[in-house]
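Spelled out, the chains give:
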Amino acid sequence: MDELILNLKNQIIEALNLEEITPDDIDSDAPLFGGGLGLDSIDALELIVILEKYYGIKLASPAEGRGIFKSIRSIAEYIEQNRTR
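Residues numbered from 1 in each chain as written. Predicted model: local features only at pLDDT ≥ 70, side-chain atom pairs only at ≥ 80, totals over all residues. Heavy atoms only, no water.

Focus on the overall build of the protein chain
Worth spelling out the cut-off: In this description a helix means any DSSP run of H or I spanning at least four residues, a strand means any run of E spanning at least two, and both kinds are numbered starting from the N terminus. Only C-alpha atoms enter the radius of gyration; for comparison, a globular chain is expected to reach 2.2 Å times N to the power 0.38, where N is the number of residues. Residue burial is assigned from relative accessible area. The probe radius is 1.4 Å, only protein chains are included, and a residue is buried under 20% of its type maximum, exposed over 50%, and partly exposed in between. Contact criterion: two residues are considered in contact whenever any of their non-hydrogen atoms come within 4.5 Å of each other. Under the convention used here, a 1.4 Å probe and the Shrake-Rupley method define accessible areas, while residue burial counts only the protein chains that appear.
Scanning the protein chain for helices and strands turns up 4 helices and 0 strands. The order of α-helices and β-strands along the protein chain, N terminus first, is α-α-α-α. Computed over C-alpha atoms, the radius of gyration of the protein chain comes to 12 Å, within 12% of the 12 Å expected from 2.2 N^0.38 for 85 residues, which places it in the range of a compact globule. With the principal axes as the frame, the protein chain shows a C-alpha extent of 30 × 25 × 20 Å. Within the protein chain, the proportion of its 85 residues that are buried is 39%. Here the analysis covers contacts within the protein chain between residues at least 6 apart in sequence; of these, 56% occur between residues at least 24 apart. For the protein chain, the accessible surface area stands at approximately 5200 Å², while carbon and sulfur atoms represent 47% of it.

Okay, here's the thing in structure tokens:
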């Protein structure tokens, strides 16, 4: 799971153009929205794209992502259970 978490951090940094942030700067258990990275609804759409592009996971709706996108670790756990790639 550690490799998946590192990959996710790198994919998020690239997709969201977080040039000043390194994977080590991101706490795997910190909230992605509100605190932690302070992401917004536009960023949530980018996370959905990452799930589809790299892991073959399609969410039925952005609302479904609320529970999944709590932290990097929660995304990694969801991917491990649902990935098709």
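Some remarks on helix α1 (residues 2-15)
For clarity, the threshold we go by: For a helix, the expected span equals 1.5 Å multiplied by the number of residues minus one.
The first and last C-alpha atoms of α1 sit 20 Å apart over 14 residues, in line with the 20 Å expected at 1.5 Å per residue. Turning to α1, its buried residues are Leu 4, Ile 5, Leu 8, Lys 9, Gln 11, Ile 12 and Ile 13. Where the residues of α1 are buried, they touch α2 (41-55) and α4 (72-82).

Focus: the environment of Glu 3
Structurally, Glu 3 can be placed in helix α1. Residues Glu 3 and Ala 76 lie 73 residues apart in sequence; the distance between their C-alpha atoms is 9.7 Å.

Description of the packing of α1 against α4
What counts here: Helix axes use the C-alpha atoms of the stretch in contact, all axes being lines fitted to C-alpha atoms, and the angles between their N-to-C directions lie in the range 0 to 180 degrees. Crossing handedness follows the turn of the near helix against the far one: under a right angle anticlockwise gives a left-handed crossing, and clockwise gives a right-handed one. The classification used treats Ala, Val, Leu, Ile, Met, Phe, Trp, Tyr, Cys and Pro as nonpolar, Asp, Glu, Lys and Arg as charged, and all other residues, Gly among them, as polar.
The interhelical angle for the contact between α1 and α4, taken along N-to-C directions, is 115°, at an axis separation of 10 Å. The interaxial crossing formed by α1 with α4 has right-handed handedness. Together, Leu 4, Ile 5, Leu 8, Lys 9 and Ile 12 of α1 and Ile 72, Arg 73, Ile 75, Ala 76, Ile 79 and Glu 80 of α4 make up the contact between the two elements. For the contact of α1 with α4, the class distribution of residues is 8 nonpolar, no polar and 3 charged.

Topic: unusual backbone geometry
The backbone of Asn 17 sits at a positive phi, close to 50°, despite the residue not being glycine. The topology assignment puts Asn 17 in the loop between α1 and α2. Given the relative accessible area of 56%, Asn 17 is considered exposed.

A short note on α4
Of the positions making up α4, those classed as buried are Ile 72, Ser 74, Ile 75, Ala 76, Tyr 78 and Ile 79. The inward-facing, buried residues of α4 abut α1, α2 and α3 (65-68).

Quick word on the nonpolar core
Worth spelling out the cut-off: Think of a nonpolar core as a cluster: buried Ala, Val, Leu, Ile, Met, Phe, Trp, Tyr and Cys residues, connected wherever their side-chain atoms sit within 4.5 Å.
Of all hydrophobic cores here, the largest spans 23 residues; its most connected members are Leu 8, Leu 51, Tyr 55, Leu 59, Phe 69, Ile 75 and Ile 79. Put simply, the parts of the chain that give this core at least two residues each are α1, α2 and α4. Residue contacts for Ile 79: discarding those within four places in its chain leaves Leu 4, Leu 8, Leu 51, Tyr 55 and Ile 57.

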